[in-house]
Amino acid sequence: MNNVIYRIFQSYKNRKGYFCLIDPDKFEPEISAENAVTFSENGADAILVGSSIMLNDNFDDTIRLIKENVKIPVIIFPGKFNFVSKYADAILLLSMVSSRNPDLLISEQVRSAPLIKKYNLESI
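Residues numbered from 1 in each chain as written. Predicted model: local features only at pLDDT ≥ 70, side-chain atom pairs only at ≥ 80, totals over all residues. Heavy atoms only, no water.

Visitor: Quick question: what am I supposed to make of the sheet that holds strand S5 (residues 122-123) here?
Guide: Each strand in a sheet pairs with its neighbour through backbone hydrogen bonds, running either in the same direction (parallel) or in the opposite one (antiparallel). The parallel open sheet is built from five strands, whose spatial order is S1-S2-S3-S4-S5. Each edge of the open sheet is held by one strand with a lone partner, namely strand S1 (19-22) and S5. Pairing geometry for strand S2 (residues 46-49) and strand S3 (residues 74-76), over three bridges, is parallel. In the sheet register, Val49 faces S3, and the bridge partner there is Ile76. (Pairing = 2+ DSSP bridges. Helix = DSSP H or I, 4+ residues; strand = E, 2+ residues; numbered from the N terminus.)

Visitor: Would you mind showing me how to read the packing of helix H2 (residues 29-41) against helix H3 (residues 59-69) here?
Guide: The angle between the axes and the distance between the axes are what describe a pair of packed helices. One way to put it is that H2 packs onto H3 with a least axis distance of 8 Å and a crossing angle of 35°. The interaxial crossing formed by H2 with H3 has right-handed handedness. Across the interface between the two elements, Pro29, Glu30, Ser32, Ala33, Ala36 and Val37 from H2 touch Asp61, Thr62, Leu65, Ile66 and Asn69 from H3. Residues belonging to the contact of H2 with H3 are distributed by class as follows: six nonpolar, three polar and two charged. (Axes fitted to C-alpha atoms, helices over the stretch in contact; angles between N-to-C directions. Left-handed = near helix turned anticlockwise from the far one by under 90°. Contact = heavy atoms within 4.5 Å. Nonpolar A, V, L, I, M, F, W, Y, C, P; charged D, E, K, R; others polar.)

Visitor: Would you take a moment to explain unusual backbone geometry for this structure?
Guide: Most peptide bonds adopt trans geometry, and most residues besides glycine take a negative phi value. One non-glycine residue, Asn120, adopts positive backbone phi at about 55°. Considering the arrangement of structural elements, one finds Asn120 in the loop between helix H4 (107-119) and S5.

Structure representation (structure tokens):
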């Protein structure tokens, strides 16, 4: 395991953490990577990548390009089980308590477990 969270917290040194969000549905992978570089150059501690819906089929390409261009951790937070990337450093598992869809409470996280294990992603 990379122990992403430990590395991030070690970098705080009495300051707040600065995470930036990239929604792969909003930008092409190349633009997302350029945005990630800008965020990193301006002091971001990590890049969060995820979307509620994931209409585009560019999630893995987006993560790969971001990882190729920045040295800070890339943390994904997929809404659905199949948006797990082997290129990410960690995965933030969220429960959508306010959702009308009961699958978002736990079912999607359970469905993603085999991919998380296969890719050896740190779970947060």
